[in-house]
Amino acid sequence: MSGAEELCESDVTVRDVQLLISKKDEMEAEIKALYDLLQDQKGIGMDGPLVDREGYPRADVDIYQVRTARHNIICLQNDHKAIMKKIEQSLHILHAGEKEKREVEAQAEALQSHQALPAAFAKVDVVTPGSPASMSGLQVGDEIIAFGTVNTRNFQSLQNIAEVVQHSEGKPLSVSVVRNEKLVSLALTPLRWSGKGLLGCNIIPLKR
């Protein structure tokens, strides 16, 4: 990227990521519309011939429209790859700066506190690299004692967490976990990304 397009930690906000994702969605919709147009042109697609068996331009399709659509699809697909890379970089920058700071602060608080840690109600068993969960610092094996408004006292099922995530898209959630017998506090922002769901992790309940 050029200097004007380079990302730095102070420049990226949740709103910036949401705008990038919105642009990605618009590109995908436009690409689909162009493919539908090619399908309407006798199903010619990206590779169908524009000339007949005798070498003359086909009369049953709009050749100019087909060529234009094919060119635009190629351009949009290149732009889509670029914006997906930018979304991944932005997510990394958004969370990387606060990740270490929050972990250090939480560990310091845990050392100062002599109170026993609450019992965990769930555990993280999968974290996908590059996902919002990964960028927030969540790790496999983390035992969850608080996830937004869900805690050990009110947790009933994983649906409780799912509802919190669904209603918090684009908003940072406070998540507290026990890692290596220490309390770690994280800021996890549910976002649409290149993978499935809004988090990119799998959580399983613990027997109580």
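Definitions and limits used
Residues numbered from 1 in each chain as written. Predicted model: local features only at pLDDT ≥ 70, side-chain atom pairs only at ≥ 80, totals over all residues. Heavy atoms only, no water. Helix = DSSP H or I, 4+ residues; strand = E, 2+ residues; numbered from the N terminus. Buried < 20%, exposed > 50% of the residue type's maximum accessible area, 1.4 Å probe, protein only. Contact = heavy atoms within 4.5 Å. Areas by Shrake-Rupley, 256 points an atom, 1.4 Å probe, with all protein chains shown as cover. Phe/Tyr/Trp six-rings, centres within 6.5 Å; stacked < 30°, edge-to-face > 60°. Arc of directions from axis to C-beta. Pairing = 2+ DSSP bridges. Expected span 1.5 Å × (residues − 1). pLDDT = per-residue confidence, 0-100. Core = buried A, V, L, I, M, F, W, Y, C linked by side-chain atoms within 4.5 Å. Domains from an automatic or database assignment.

Undergrad: So what about the overall build of the protein? Which residues, and what values?
TA: A tally of regular secondary structure across the protein gives 4 helices and 6 strands. When the helices and strands of the protein are listed from N to C terminus, the series reads α-α-β-α-β-β-α-β-β-β. Looking at the 208 residues of the protein, the share that counts as buried comes to 39%. Taking as baseline every contact in the protein between residues at least 6 positions apart, the subset at least 24 positions apart corresponds to 67%. For the protein, the exposed area adds up to about 12,800 Å²; of that, 49% sits on carbon and sulfur atoms.

Undergrad: For the packing of aromatic side chains, give the residues involved together with the corresponding values.
TA: All told, the structure shown has 1 aromatic pair when counted by the stated rule. Each ring, one from F121 and one from F155, has its centre 4.5 Å from the other, and the planes form 25°; the classification is stacked. Here F121 is found in the loop between helix 2 (63-112) and strand 1 (122-127), whereas its partner F155 is found in the loop between strand 3 (150-151) and helix 4 (158-166), with 34 residues between them in sequence. Take F121 and F155: they sit in the same class, and that class is buried.

Undergrad: So what's going on with the side chain of Q41? Residues and values would help.
TA: For Q41, the position within the fold is in the loop between helix 1 (14-40) and helix 2. Contacts of Q41, omitting those with residues within four sequence positions, involve V61, D62, Q65 and V66.

Undergrad: How would you summarise helix 4 if you had to cite specific residues and measurements?
TA: The set of residues buried in helix 4 consists of N160, I161, V164 and V165. Seen along its axis, helix 4 keeps its buried residues to an arc of 135°; they face one direction. Among the structural elements, strand 2 (143-147), strand 3, strand 4 (173-179) and strand 6 (201-205) are those in contact with the buried residues of helix 4.

Undergrad: Any chance you could break down the pairing of strand 5 (residues 182-188) for me, citing the residues and the numbers?
TA: The two faces of the sheet receive side chains in turn, since in a regular strand these alternate between them. With 5 of its 7 residues buried, strand 5 lies for the most part within the structure. Examined bridge by bridge, strand 4 and strand 5 share 7 bridges and lie antiparallel to one another. Considered in strand 5, the bridge of V177 is made with V184. In textbook terms, the turn of a hairpin is the stretch between consecutive antiparallel strands, and for strand 4 and strand 5 this stretch comprises 2 residues, one of which, N180, has a positive phi near 55°.

Undergrad: How would you explain helix 1 if you had to name every residue and give the values?
TA: Between its first and last C-alpha atoms helix 1 spans 39 Å; for 27 residues at 1.5 Å apiece the expected length is 39 Å, and the two agree. Taken residue by residue, helix 1 has V14, V17, L20, I21, K24, M27, I31, L34 and L38 as its buried positions. Just past helix 1, the residue K42 takes up positive phi, approximately 60°.

Undergrad: Give a description of the confidence of the model for the protein that names residues and reports values.
TA: Confidence in the prediction for the protein averages 87 pLDDT; 87% of positions are at 70 or higher. Below a pLDDT of 50 lies the segment residues 1-6, which in the model reaches 5 contacts outside its immediate sequence neighbourhood of four places, other chains included.

Undergrad: Residues and numbers for the nonpolar core, please.
TA: Of all hydrophobic cores here, the largest spans 26 residues; its most connected members are V17, L38, I44, I87 and L91. Elements supplying a minimum of two residues to this core: helix 1 and helix 2. Split by domain, this core shows at least three residues from each of two domains, domain 1 (14-113) and domain 2 (122-205). Ignoring anything within four residues of it in the chain, the contact list for L38 reads G43, I44, G45, M46, V66, A69, R70 and I73. A133, I144, F147 and V165 belong to the second largest nonpolar core, which has 22 residues in total.

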